[in-house]
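Listed here are the chains, written in short residue letters.
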Amino acid sequence: MAIQYYQQAYNIAQELNNEREMGTALINIGNVYFNQKKYDKALEYYERNRVIREKLKDKRALSLVYVNIGNVYIEINQIDKGLEYCQKSLEIRNELSDKRGIGVVYNFMAKGYRKKQDYTKATEYAELGLDIARNIKAGPEVKEALETLYMIHKDNKDYKKSLVYFEAHKSFSDSLFSLEKSKAIANLESKVALEKKE
């Protein structure tokens, strides 16, 4: 269903000759396929997006598509190729001083090195991503980095550290969930108050 809507968005953008929106639709279709674990289809749409973004010289969007392509290659065990794309994304993110993006890329790189069983590099990148996420107070990225560190230490059979990161991840996830619920309740209360005034 989502793919149909994104395809319609792509078709409309194409009719309007709006390449930027065409690229957005393509990456969204790729993301749906990625989440369905249809990596060949995800890669096809990410590559089509990459061509558009390179043509437009849209660095921010290009860095996103590079990391997505890298993530696909990591998932299909072409890890070195995946890490190369992550590195391309990282270079752009550094150039743009995009701290959140840098942290996200570090976490993907940590996952790649974890799959390679290079636990030293995996830990290094995950800790870099965690430090950035904490410094900029990026909750979802903190949660992701803690989970990655838990998995790295579990795979490396360092169960003591693994437990520490598991508990930190669980605690942080619970507090993040509570915060999100509190915000949602506050938003609903605001809407109700506005409706009463009308």
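It should be emphasised that the depicted structure is a prediction, and the values quoted were computed from it without experimental measurement.

1. Some details on unusual backbone geometry
Even without glycine at this site, Asn17 takes up a positive phi of about 55 degrees. Along the chain, Asn17 turns up in the loop between helix 1 (2–15) and helix 2 (19–35). Backbone geometry at Lys37 places phi at a positive 65 degrees, although glycine is not the residue there. Tracing the backbone shows Lys37 in the loop between helix 2 and helix 3 (39–56).

2. A few points about the pattern of salt bridges
Evaluated as defined, the whole model comprises 13 salt bridges. When the shortest N-O distance is used, the salt bridge between Glu47 and Arg50 registers 2.6 Å. With a gap of 3 residues between them, Glu47 and Arg50 both fall in helix 3, about one helical turn apart. The exposure classification of Glu47 matches that of Arg50, with both residues buried. Linking Asp98 and Arg93 is a salt bridge whose minimum nitrogen-to-oxygen distance equals 3.2 Å.

3. Concerning the packing of helix 1 against helix 2
Remark: helix 1 packs on helix 2, axes separated minimally by 8 Å, with the N-to-C direction vectors making an angle of 165 degrees. In this view, helix 1 runs roughly antiparallel relative to helix 2, as classed from their interaxial angle. Pair helix 1 / helix 2 crosses with left-handed handedness. Each of Ala2, Ile3, Tyr6, Gln7, Ala9, Tyr10, Ala13 and Gln14 in helix 1 lies in contact with helix 2, whose residues at this interface are Glu21, Met22, Ala25, Leu26, Asn28, Ile29, Val32 and Tyr33. Classifying every residue of the contact of helix 1 with helix 2 by side-chain character gives 12 nonpolar, 3 polar and 1 charged.

4. Digging into helix 5 (residues 79–95)
Working note: α-helix, 3.6 residues per turn, so residues spaced by three or four point in the same direction. Taking 1.5 Å per residue as the helical rise, helix 5 with its 17 residues ought to reach 24 Å, and the 24 Å between its terminal C-alpha atoms agrees with that figure. Of the positions making up helix 5, those classed as buried are Ile79, Gly82, Leu83, Tyr85, Cys86, Ser89, Leu90, Ile92 and Arg93. The inward-facing, buried residues of helix 5 contact helix 3, helix 4 (59–75) and helix 6 (99–115). Just downstream of helix 5, Ser97 is the residue with a positive phi angle, here 55 degrees.

5. Here we look at the confidence of the model for the protein
Here the protein shows a mean pLDDT of 91. Residues at 70 or above account for 88%. The secondary-structure element of the protein with the lowest mean pLDDT is helix 9 (residues 159–197), recorded at 70, while helix 5 shows the highest, at 98.

6. Focus: the packing of helix 6 against helix 8 (residues 139–155)
Relative to each other, helix 6 and helix 8 sit at 15 degrees, their axes nearing to 10 Å. With respect to their mutual orientation, helix 6 and helix 8 come out roughly parallel. Between helix 6 and helix 8 the crossing geometry is left-handed. Residue-level contacts link Arg100, Val104, Asn107, Ala110, Lys111 and Arg114 of helix 6 to Glu141, Glu144, Ala145, Thr148, Met151, Ile152 and Asp155 of helix 8. Counted by class, the contact of helix 6 with helix 8 contains 5 nonpolar, 2 polar and 6 charged residues.

Calculation criteria
All residue numbers here refer to positions counted from 1 along the written sequence of the relevant chain. In view of the model being predicted, local features appear only for residues whose pLDDT reaches at least 70, and side-chain atom pairs are presented and counted only at 80 or more, with totals across whole chains, interfaces and linings using the full set of residues. Working from all heavy atoms in the structure, the side-chain values ignore hydrogens and water. Secondary structure elements are taken from DSSP: a helix is a run of H or I of four residues or more, a strand is a run of E of two residues or more, and numbering for both begins at the N terminus. By definition, a salt bridge exists where a carboxyl oxygen of Asp or Glu is found within 4 Å of a side-chain nitrogen of Lys or Arg. In this scheme, a residue with accessible area under 20% of its type's maximum is buried, one over 50% is exposed, and one in between is partly exposed, where area comes from a 1.4 Å probe on protein chains only. Convention adopted: a line fitted to C-alpha atoms gives each axis, helices being fitted over their contacting stretch, and angles between N-to-C directions are expressed from 0 to 180 degrees. The labels follow the angle: roughly parallel below 35 degrees, roughly antiparallel above 145, roughly perpendicular from 65 to 115, and oblique for the rest. In a left-handed crossing the near helix is turned counterclockwise from the far helix by less than a right angle, and in a right-handed crossing that turn is clockwise. Residues count as neighbours in contact if any of their non-hydrogen atoms are within 4.5 Å of one another. Side-chain classes follow a simple rule in which Ala, Val, Leu, Ile, Met, Phe, Trp, Tyr, Cys and Pro form the nonpolar group, Asp, Glu, Lys and Arg form the charged group, and the remainder, Gly included, forms the polar group. Helix span, expected: 1.5 Å multiplied by one less than the number of residues in the helix. Per residue, pLDDT captures the predictor's confidence, and it can take any value from 0 to 100.

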